[in-house]
Amino acid sequence: KQEVTQIPAALSVPEGENLVLNCSFTDSAIYNLQWFRQDPGKGLTSLLLIQSSQREQTSGRLNASLDKSSGRSTLYIAASQPGDSATYLCAAGPYNFNKFYFGSGTKLNVKP
Amino acid sequence: EAGVAQSPRYKIIEKRQSVAFWCNPISGHATLYWYQQILGQGPKLLIQFQNNGVVDDSQLPKDRFSAERLKGVDSTLKIQPAKLEDSAVYLCASSSGNIGRWDFGPGTRLTVL
């Protein structure tokens, strides 16, 4: 069974800093890796999806990388803003179509 | 385009009572998921529907949880009887089948006393 771990569990940074969130998974035979954002009381918003054949994806200030051989993914946030404060979840998808296993998330607080 | 709708948003019950949650997915989305998210943990898949058929319910506690998706549209998730450990947020998501294109509802926060 796929196990997904996210470190750190919580992170507090001043506005403007660049930061990296980490995600590791035990089964490297994944189909894709997805990063989500969750705001309090809200559902999950998809940020970036990396297919197994890809190494990274970028959207605005966000960049996600995937290294299947080491079982790791990172989410890089450039020039962080208070509006980035949320919980970030990664999810690994095996070759079972459309099924994901989630990590427990990193709660990010960006201080003005 | 309207998003995934869920109701109620909050529910407080006592243990051994019954509760039901409702989900209305995005129009045209054939795949529907129910996830359970316990505080401090990531979401865990309970059940996945493709149209009105069950694709995966391997992690659904079938002795107390049940779910149905009539006519391949709306879905209900029921817990009977509830236990303290069922306190969680229940998330509904739907997908059109494009890999990774999921839409999540706001969730129902259940508190079992």
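Residues numbered from 1 in each chain as written. Chains lettered and ligands numbered in written order. Predicted model: local features only at pLDDT ≥ 70, side-chain atom pairs only at ≥ 80, totals over all residues. Heavy atoms only, no water.

(A) Structural detail: the pairing of strand 1 (residues 4-7) of chain A. Residue and element names in this part refer to chain A. Because side chains alternate across strand 1, one face comprises the buried residues Val4 and Gln6, and the other comprises Thr5 and Ile7, none of which is buried. In this sheet, strand 3 (residues 19-25) lies alongside strand 1 in antiparallel orientation, the contact comprising four bridges. Looking at the pairing, glutamine 6 lines up with cysteine 23 of strand 3. (Buried < 20%, exposed > 50% of the residue type's maximum accessible area, 1.4 Å probe, protein only. Helix = DSSP H or I, 4+ residues; strand = E, 2+ residues; numbered from the N terminus. Pairing = 2+ DSSP bridges.)

(B) Summary view of the layout of surface pockets. The computed volume of the largest pocket comes to approximately 660 Å³. Lining the largest pocket are 31 residues, and of these Gln38(A), Thr87(A), Gln37(B), Leu39(B) and Arg109(B) sit closest to its centre. The greatest single-element share of the lining of the largest pocket, amounting to four residues, is contributed by strand 11 (residues 106-111) of chain A. For the lining of the largest pocket, the residue count by class is twelve nonpolar, 14 polar and five charged. Space inside the second largest pocket adds up to approximately 310 Å³. For the second largest pocket, the lining is made up of 18 residues, of which Lys1(A), Phe102(A), Gly42(B), Pro43(B) and Lys44(B) are closest to its centre. Looking at the lining of the second largest pocket, the elements that each hand over two or more residues are strand 10 (101-102) of chain A together with strand 5 (44-50) of chain B. (1 Å grid on protein atoms, 1.4 Å probe; cavity = no way out; pocket = protein on both sides within 12 Å on 5 of 7 lines; lining within 4 Å. Points joined across faces, edges and corners; volume = space filled by probe spheres on them. Nonpolar A, V, L, I, M, F, W, Y, C, P; charged D, E, K, R; others polar.)

(C) Layout of the sheet that holds strand 7 (residues 65-68) of chain B. Residues and elements named next belong to chain B. Here we have four strands laid out as an open sheet, ordered 1-3-8-7, and antiparallel in their pairing. One side of each edge strand has no neighbouring strand; the edge strands of this open sheet are strand 1 (5-7) and strand 7. On average, each strand axis in the sheet is inclined to that of its neighbour by 15 degrees, with strand direction left out of account. In this structure, strand 1 lies alongside strand 3 (residues 19-24), joined through three bridges in antiparallel fashion. From the neighbouring strand, serine 7 faces strand 3, where its bridge partner is tryptophan 22. (Axes fitted to C-alpha atoms, helices over the stretch in contact; angles between N-to-C directions.)

(D) How the structure looks around the interface of chain B and chain A. The interface is formed by 23 residues belonging to chain B together with 22 residues belonging to chain A. In total, about 1,700 Å² of surface goes out of reach between chain B and chain A, with carbon and sulfur atoms giving 52% of it. Viewed at the interface, chain A and chain B are joined by zero salt bridges. Where chain B touches chain A, the interface holds one residue pair in polar contact (both at pLDDT 80 or more). Looking at which element gives the most residues to the side of chain B that touches chain A, the answer is strand 4 (residues 31-37) of chain B, with three residues. (Contact = heavy atoms within 4.5 Å. Buried area = accessible area lost by both parts, 1.4 Å probe. Salt bridge = Lys/Arg side-chain N within 4 Å of Asp/Glu carboxyl O. Polar contact = N/O pair within 3.5 Å; in protein donor to acceptor, adjacent residues only side chain to side chain.)

(E) Seen up close, the side chain of Thr106(A). Residue and element names in this part refer to chain A. When you line up the elements, threonine 106 lands in strand 11. A polar atom in the side chain of threonine 106 sits 2.5 Å from the backbone oxygen of proline 8. Here threonine 106 is in contact with Gln6, Ile7, Pro8, Ala9, Ala10, Leu11, Leu21, Ala86, Thr87 and Tyr88, once residues within four sequence places are set aside.

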